[in-house]
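One letter stands for each residue in the lines below.
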Amino acid sequence: MNKRVALTGNEAVAQAMKQINPDVVAAYPITPQTEIVQFFSSFVANGQVDTEFVTVESEHSAMSATVGAAAAGARAMTATSANGLALMWEVLYIAASNRLPIVMPVVNRALSAPINIHCDHSDSMGARDSGWIQLYSENAQEAYDNMIQAVKIAENPKVLLPVMVTMDGFIISHALENLEIIDDESVKNFIGTYKPDHYLLNAENPITMGPLDLYDFYFEHKRQQAEAMKNAKDVILEVAGEFKKLTGREYGFFEAYKLDDAEIAVIILNSAAGTAKDVVDELRAQGKKAGLLKLRVFRPFPYEEIAAAVKNVKALAVMDRAETFSNFGGPVFAPVRSALFDMKNDIKVVNYIYGLGGRDVVPEDVARVYADLEKIKETGKYDNLITYLGVRE
Amino acid sequence: MANLKELSKKEEILTGGHRLCAGCGHGIATRMILNAVDDPVVVGCATGCLEVATTIYPYTAWRCSFIHNAFENAAATISGVEAAYRSLKKQGKLKENFKFIAFGGDGGTYDIGFQSLSGAMERGHNMVYVCLDNGAYMNTGIQRSSATPRGADTTTSPAGTVIPGKQQFRKDLAAIMADHHIPYVAQASPNNWKDLYNKAKKAFEVDGPAFINVMAPCPRGWRYNTPDIADIMRLAYETRYWPLFEVENGRWKLNYKPKKYVPVEEWLKLQGRFRHLFNPENRHIIDEIQAEVDRRWDMLLERCGEKKE
């Protein structure tokens, strides 16, 4: 039986990990992720999971040991934030290239320097090209749901790619929320048992993993990886369909909130989407045709679907909680704008960088974005392609 | 233990046809060590010559399961494999017994991989870690490491007119590993095959982590005549430069005591990387090396409870 509980985001994710019952978890503490591994280590200490918990000496070793465990044939997980994710960077690529279905919660936090423990997306966005599937979560419920779906997506034979499940540091990780959790048995049945085809602990059929791969084959392997990422699109939707049957909760590449007839719209990820929805409701009450696209799947990037979803919008703002320093906006902005290139109508698309280092994003901030969009819709012009929202300049 | 004739009949885990150089210590050491394991084994390997010369896709020279992850994380990677083994065993999902071994060069072990190694040893994984010590970053083109002997000419510690080769003495990694208080630590040379075989056997048999530091000469980096490898490996311990010892549960034991005093220059002079030391103006460096070898030998005798000579 499903039940309603009050949990923080970190508790919800740890709860999902407990129900997944991975064979190996290797992890290192880092704020604001620390609680996840603390909760999980108590499950290990109390014999509530079959997991071997490896208390490594760094995030680099956390990902390295997780790769070793997954290669060995185990269901393996770790969790991290910010600089921890950055320290894993080299091994993230190796996990994906070895086609290891690792699942990792990432509690979003700003990258140093200056050191800052609060939320932005510079960490996961920095890892966006490492070959990992990336699922973003608005709240604790979504983080929990994404974790469970992630296992099934990662392990699908057509995919076999690692999955990162993100949620916003402190805003979601440490705030108490009401959510519905699935009963243990249903989670177990939903994810099934993991039976890899090729793995190290197979004495009958030993394998060599991570060989030297020169110009005669490397490119083909990268091409296969790209194909797996392409396949992931269908699998993500299939898994979401099954998940809906189990829970009634609906997931797709994104959530289109009052977008059908919208003339002005915002694209946003994670917790700030909740704030934005409130603003949309208010604007709708005023008779303004405002809408929202909350992106859940950033890798693979569902560009066709995004373009189709916003095709009738006159003015669109992409809100990025990370900077790329390209002088051309944040990491979500560029691919969204590019996705719209083939559209016949002339949507004006602008970028807002917001919330870096945990800077609050309040309804007034988002309302200002929609007000700007109103103006752009009417005039067909904009003052700034990129706006730094809520910063003292 | 088995004699050499019997061992030679055992199926090699690292097969011929790999692409290591002729006269390289890696192949000799690896084959001898793997001869000492009877269970199925998973080999982990740091980035380096052993890995790139044995796993050129789509070929592999390994008859066992093998994993290469990155340069600095062989120990962490095998930690994960071993943890997976324990978990799957505990759950009854795996029947066979496995052994676990990680190989790293001195770069991947003394330097960039040191943290990962230290962590894995401290956590007590049931694994053997072998450092194939050729005293420099040979795979990237002979750059100095913290295992490079003083005075050696490498591409990042070149013998120039002002600085005559590497300025520091090498790090004593086996001693550092012994201070981790793991069940088994040893230093060995493939030339003394019996000694190496016995040490490998013990390392695989102990419950918990074991570390073996093996001298693995490199003909390219050390610049010796290929057939001289056996003499070089022998002179390394005859000159006391590379003593053969083991530390079992904290107890130090000297495995070989040279019968007569052989000066370290006997070992140095076979290698092109030390050629410049034999110019008169660099004589003092050979003397310094000798003094350091003597000092470390005395310390070792003390640790092993042996009488000073």
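Structural data are supplied above this passage.
Presented here is a report on the structure given in the accompanying data block.

Each value, and the rule that gives it
- Counting starts from 1 at the beginning of each chain's written sequence and moves along it residue by residue.
- Ligands are numbered from 1 and chains lettered from A, in the order in which they are written.
- Predicted model: local features are reported for residues with pLDDT of at least 70 only, side-chain atom pairs are reported and counted for 80 or more only, and whole-chain, interface and lining totals are derived from all residues.
- Calculation of side-chain values draws on the structure's entire complement of heavy atoms; hydrogens and water are dropped beforehand.
- Summary of the burial criterion: residues with accessible area below 20% of their type's maximum are buried, those above 50% are exposed, and those between are partly exposed, where the area comes from a 1.4 Å probe applied to protein chains only.
- Counting from the N terminus, the helices are DSSP H or I runs at least four residues long and the strands are E runs at least two residues long.
- Strand pairing is assigned whenever DSSP detects at least two bridges linking the two strands.
- Look down the strands so they point away from you; if the path from the first strand over the helix to the second goes clockwise, the crossover is right-handed.
- By definition, residues are in contact when any of their heavy atoms lie within 4.5 Å.
- Throughout, the accessible surface (probe 1.4 Å) given up by two parts as they are put together, summed over both, is called the buried area.
- One side-chain nitrogen of Lys or Arg within 4 Å of one carboxyl oxygen of Asp or Glu is enough to make a salt bridge.
- What qualifies as a polar contact is a pair of N or O atoms within 3.5 Å, subject to a donor-acceptor requirement within protein and to the restriction that residues adjacent in sequence count only when both atoms come from side chains.
- To get an axis, fit a line to the C-alpha atoms, keeping to the stretch in contact for a helix; angles then go from 0 to 180 degrees between the N-to-C directions.
- To form a nonpolar core, buried Ala, Val, Leu, Ile, Met, Phe, Trp, Tyr and Cys residues must be joined to one another through side-chain atoms within 4.5 Å.

The two faces of a sheet get side chains in turn, since along a regular strand they alternate between them. Residue and element names in this part refer to chain A. Where burial is concerned, most of strand β15 (residues 348-354) is hidden: six out of the seven residues are buried. Where strand β14 (residues 315-320) and β15 come together, six bridges link them in parallel fashion. In the strand pairing of β15, D320 is matched with I353. Handedness of the crossover is the feature at issue here: the chain leaves β14, passes through helix α11 (residues 333-339), returns alongside β15, and the resulting connection is right-handed.

Let us now look at the interface of chain A and chain B. With 41 residues of chain A at the contact, the number on the chain B side is 42 residues. Between chain A and chain B, the buried area comes to about 3,100 Å², and carbon and sulfur atoms account for 60% of it. Where chain A packs against chain B, one counts four salt bridges. Of the charged contacts, one joins E52 of chain A and R86 of chain B as a salt bridge, the two residues approaching to 2.5 Å between their closest N and O atoms. On inspection of chain A and its partner chain B, the count reaches 21 residue pairs in polar contact (both at pLDDT 80 or more).

Pairing is mixed in the open sheet, where nine strands are placed in the order β9(A)-β2(B)-β1(B)-β3(B)-β4(B)-β6(B)-β5(B)-β7(B)-β8(B). At either margin of the open sheet sits one strand with a lone partner, and together these are β9 (208-209) of chain A together with β8 (251-254) of chain B. The pairing of strand β5 (residues 184-188) of chain B with strand β7 (residues 245-248) of chain B spans four bridges and is classified as antiparallel. Note on β7 of chain B: the bridge partner recorded for V185 of chain B is V247 of chain B. Relative to strand β3 (residues 99-105) of chain B, helix α2 (residues 25-34) of chain B is tilted by about 165°, and along the sheet it contacts β1 (41-45), β3, β4 (128-133) and β6 (210-215) of chain B.

Core analysis: the biggest nonpolar cluster contains 99 residues, and M63 of chain A together with Y129, F211 and W267 of chain B have the highest contact counts within it. Dropping the residues within four chain positions of it, F211 of chain B is found in contact with T109, L117, M121, Y129, C131, L173, A174, M177, I182, Y184, V185 and A186 of chain B. Judged by nonpolar contacts, the second largest core, of 78 residues, contains I20, F43, V103 and V239 of chain A.

Our focus in this paragraph is the pattern of salt bridges. Residues and elements named next belong to chain B. Throughout the structure, instances matching the rule amount to 44 salt bridges over all chains. Among the ionic pairs, K99 bridges to D39, the shortest N-O distance being 4.0 Å. Of this pair, K99 sits in strand β3 while D39 sits in the loop between α2 and β1, and the two are 60 residues apart along the sequence. Using a relative accessible area of 29% as the deciding quantity, one classes D39 as partly exposed. Notably, a salt bridge pairs R283 with D287, separated by 3.4 Å at the nearest N-O pair. Of this pair, R283 and D287 both sit in helix α12 (residues 283-303), four residues apart, which is roughly one turn of that helix. A relative accessible area of 33% places R283 in the partly exposed class.

Attention now goes to unusual backbone geometry. Look at the link from S112 of chain A to A113 of chain A: it is a cis peptide, with omega at 0°. Within the secondary structure layout, A113 of chain A lies in the loop between β5 (103-108) and α5 (122-126). Cis geometry marks the peptide bond from Y57 of chain B to P58 of chain B, where omega comes out at 5°. Its place among the elements puts P58 of chain B in the loop between α3 (49-54) and β2 (65-68). The phi torsion at N327 of chain A lies on the positive side, around 70°, for a residue other than glycine. Summarising the element assignment, N327 of chain A is placed in the loop between β14 and α11. Owing to a relative accessible area of 71%, N327 of chain A belongs among the exposed residues under this scheme. The backbone phi angle of R240 of chain B is positive, close to 70°, even though this residue is not glycine.

The quantities given are spatial measurements derived from coordinates; they are silent on function.
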